[in-house]
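# Observations on the three-dimensional arrangement
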Amino acid sequence: MRKTIELLALFVLGYLGWITYWALNGPGRLPDRVPTHFDISGHPNAWGSPAILWIMPAVGAGLYLLFTLLASIQLRTFNLPVRVTEINLPFIQQKT
């Protein structure tokens, strides 16, 4: 199950990058100036380069790496409501 989730996360991260690449370099090119901020009524009030769209996949990649790193930390470093022993370690690993 864990490998399936990891593969799905990698696929989604790659898809996010591909969508961004396609938006920036596809046949229907974006204008030189794109809205980057909107007011409460939905009208744009700040503009920027289309390259700003690379922030979204960069943040996604950063979060993926952070969560992957956190998931690789040994179970004994987490704050759990029970004491982890050799006897209950497999059960806790399965449940967490």
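Presented here is an overview of the structure given in this document.

### Concerning the packing of aromatic side chains
- Throughout the structure, instances matching the rule amount to three aromatic pairs.
- On the basis of an interplanar angle of 10° and a centroid distance of 6.2 Å, the ring pair of Phe-11 and Tyr-15 is categorised as stacked. With Phe-11 and Tyr-15 both in helix α1 (residues 2-25) and four residues apart, the pair spans about one turn of that helix.
- A residue is classified by how much of its surface remains accessible, and Tyr-15, at 45% relative accessible area, is partly exposed.
- Taken together, the aromatic side chains of Phe-11, Tyr-15, Trp-18 and Trp-22 make up a single cluster linked through ring pairs.

### Observations regarding the packing of α1 against helix α2 (residues 55-72)
- Where α1 meets α2, the axes come as close as 9 Å, and the angle between the chain directions of the two elements is 165°. The orientation of α1 relative to α2 falls into the category roughly antiparallel. Crossing geometry of α1 relative to α2 is assigned as left-handed. Across the interface between the two elements, Arg-2, Glu-6, Ala-9, Leu-10, Leu-13, Leu-16, Gly-17 and Thr-20 from α1 touch Met-56, Pro-57, Gly-60, Ala-61, Tyr-64 and Ala-71 from α2.

### Details of the environment of Ala-58
- Checked against the element boundaries, Ala-58 lands in helix α2.
- Along the backbone, Ala-58 and Leu-13 are 45 residues apart, and their C-alpha atoms lie at a distance of 9.5 Å.

### Here we look at a nonpolar patch on the surface
- Residues Leu-30, Ile-52, Leu-53, Ile-55, Val-59, Leu-63, Leu-66, Phe-67, Leu-70, Ile-73 and Phe-78 make up a contiguous nonpolar surface patch of roughly 920 Å² in combined accessible area.
- Inspection of the secondary structure puts Phe-78 in the loop between α2 and α3 (89-95).
- What makes Phe-78 partly exposed here is its relative accessible area of 43%.

### A short note on α1
- Taking 1.5 Å per residue as the helical rise, α1 with its 24 residues ought to reach 34 Å, and the 34 Å between its terminal C-alpha atoms agrees with that figure.
- Buried within α1 are the following residues: Gly-17, Thr-20 and Leu-24.
- Taken together, the buried residues of α1 touch α2.

Parameters at a glance
- Residues numbered from 1 in each chain as written.
- Predicted model: local features only at pLDDT ≥ 70, side-chain atom pairs only at ≥ 80, totals over all residues.
- Heavy atoms only, no water.
- Phe/Tyr/Trp six-rings, centres within 6.5 Å; stacked < 30°, edge-to-face > 60°.
- Helix = DSSP H or I, 4+ residues; strand = E, 2+ residues; numbered from the N terminus.
- Buried < 20%, exposed > 50% of the residue type's maximum accessible area, 1.4 Å probe, protein only.
- Axes fitted to C-alpha atoms, helices over the stretch in contact; angles between N-to-C directions.
- Parallel < 35°, antiparallel > 145°, perpendicular 65-115°, else oblique.
- Left-handed = near helix turned anticlockwise from the far one by under 90°.
- Contact = heavy atoms within 4.5 Å.
- Patch = residues over 30% accessible without salt bridge, like charges linked within 9 Å, V, L, I, M, F, W, Y side chains within 5 Å.
- Areas by Shrake-Rupley, 256 points an atom, 1.4 Å probe, with all protein chains shown as cover.
- Salt bridge = Lys/Arg side-chain N within 4 Å of Asp/Glu carboxyl O.
- Expected span 1.5 Å × (residues − 1).

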